[in-house]
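# Residue-level structure breakdown
One-letter residues, chain by chain:
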Amino acid sequence: MTPVLRLCAGAGAGIVAMSATYPLDMVRGRLTVQRSGEGAQYRGILHATGLIVRSEGLRSLYKGWLPSVLGVIPYVGLNFAVYESLKDWLLKRNGLKNDQDLSVATRLTCGAIAGSIGQTVAFPLDVVRRRLQVAGWQGASEITGDAADSLLKSKGTAHYNGMVDCFIKTVREEGFQALFRGLMPNYLKVAPSIAIAFVSYEQCKKSLGVELKIGD
């Protein structure tokens, strides 16, 4: 497959997977940033889901879905495309014929580079997604500390009229760098996780006798 086809295949798979699980991601985001202890608004996944639907409507479970779709296209797409393209380049450069001729360390490095590139390109959309997920949430007004710095305006409930409005307000009020706040911790998570996922996938295929490449 060409790099463009790899990009499209990875993006399509990412959109389907993300859309199917997005309500859970929305709930996870609320549970993550709420205050613990007596100030907690949600008591768990089911309670949070029910309360969000009752108070904000069923559509609220998909707040931030659009920037997620736009973000998953370069993120997942680049992961697949860059990983396979790097391996192909190394195979040609070293005169090798098969992926398995590359060492595990080399393939892990390819996966880490691919994950880092995809994360960098998609991160501003991920920031916007998180902000939209808590926009208008009553419990958000009680968030303090780092969570407030990352997701909301200082001690207040942020309101955005969609993705573009969120981008504009974030850049205008906090600067362009706010769109990349938290990127370094994400590198520490994403780079090894993508690398391990790709290499583990290929090792399982080898064990099962399956020859299909990720990019085929």
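Everything below is about the structure printed above this text.
Below is a summary of the structure that appears in this document. These figures come from a predicted structure and were not determined experimentally.

### Quick notes on the packing of aromatic side chains
For the structure shown, the criterion picks out four aromatic pairs. Look at Phe-80 and Phe-198: their rings are 5.5 Å apart centre to centre, the planes differ by 65°, and that puts the pair in the edge-to-face class. Note that Phe-80 is positioned in helix α3 (residues 65-93) and Phe-198 in helix α7 (residues 183-208), a separation of 118 residues in sequence. Overall, Phe-80 belongs to the partly exposed group, its relative accessible area being 25%. Between the aromatic rings of Phe-176 and Phe-180, the centroid separation amounts to 5.7 Å while the plane-to-plane angle is 50°, which identifies the pairing as tilted. Ring-pair connections join several aromatic residues into one group, and the members of that group are Phe-80, Tyr-83 and Phe-198.

### Quick look at the side chain of Asp-165
Among the secondary structure elements, Asp-165 is positioned in helix α6 (residues 163-174). Excluding residues within four positions of it along the chain, Asp-165 makes contact with His-159 and Tyr-160.

### Digging into the packing of helix α4 (residues 104-134) against α6
It is the contact of α4 with α6, at a shortest axis distance of 10 Å, that shows an interaxial angle of 100°. Classified by the interaxial angle, the pair formed by α4 and α6 is roughly perpendicular. Facing Pro-124, Leu-125, Val-128, Arg-131 and Leu-132 of α4, the residues of α6 in contact are Met-163, Cys-166, Phe-167, Thr-170 and Glu-174. Taken together, the residues of the contact of α4 with α6 sort by class into seven nonpolar, one polar and two charged.

### So, the pattern of salt bridges
Inspection of the entire model under this criterion finds twelve salt bridges. Taking the shortest distance from any N to any O, the salt bridge between Glu-56 and Arg-30 comes out at 2.9 Å. Separated by 26 residues along the polypeptide, Glu-56 in helix α2 (residues 45-56) and Arg-30 in helix α1 (residues 3-33) bring together distant segments of the chain. The salt bridge involving Lys-87 is made with Glu-202; its shortest N-O contact spans 2.3 Å. One end of the pair, Lys-87, is in helix α3; the other, Glu-202, is in helix α7, with 115 residues separating them in the sequence. The burial state of Lys-87 is the same as that of Glu-202; both residues are buried.

### Considerations on the layout of surface pockets
Approximately 990 Å³ is the volume attributed to the largest pocket. Surrounding the largest pocket, 37 residues form its lining, Arg-28, Asp-126, Arg-129, Arg-130 and Lys-189 being those nearest its centre. Contributing elements (two or more residues each) for the lining of the largest pocket: α1, α3, α4, α5 (146-151) and α7. Split by residue class, the lining of the largest pocket holds 18 nonpolar, twelve polar and seven charged.

### Details of the environment of Val-72
Position of Val-72 relative to the elements: it lies in helix α3. For Val-72 and Ile-15, which are 57 residues apart along the polypeptide, the C-alpha to C-alpha distance reads 6.4 Å. Setting aside residues no more than four positions away along its own chain, Val-72 makes contact with Gly-14, Ile-15 and Gly-77.

Cut-offs and rules
Residues numbered from 1 in each chain as written. Predicted model: local features only at pLDDT ≥ 70, side-chain atom pairs only at ≥ 80, totals over all residues. Heavy atoms only, no water. Phe/Tyr/Trp six-rings, centres within 6.5 Å; stacked < 30°, edge-to-face > 60°. Helix = DSSP H or I, 4+ residues; strand = E, 2+ residues; numbered from the N terminus. Buried < 20%, exposed > 50% of the residue type's maximum accessible area, 1.4 Å probe, protein only. Contact = heavy atoms within 4.5 Å. Axes fitted to C-alpha atoms, helices over the stretch in contact; angles between N-to-C directions. Parallel < 35°, antiparallel > 145°, perpendicular 65-115°, else oblique. Nonpolar A, V, L, I, M, F, W, Y, C, P; charged D, E, K, R; others polar. Salt bridge = Lys/Arg side-chain N within 4 Å of Asp/Glu carboxyl O. 1 Å grid on protein atoms, 1.4 Å probe; cavity = no way out; pocket = protein on both sides within 12 Å on 5 of 7 lines; lining within 4 Å. Points joined across faces, edges and corners; volume = space filled by probe spheres on them.

None of this, on its own, says anything about what the molecule does.
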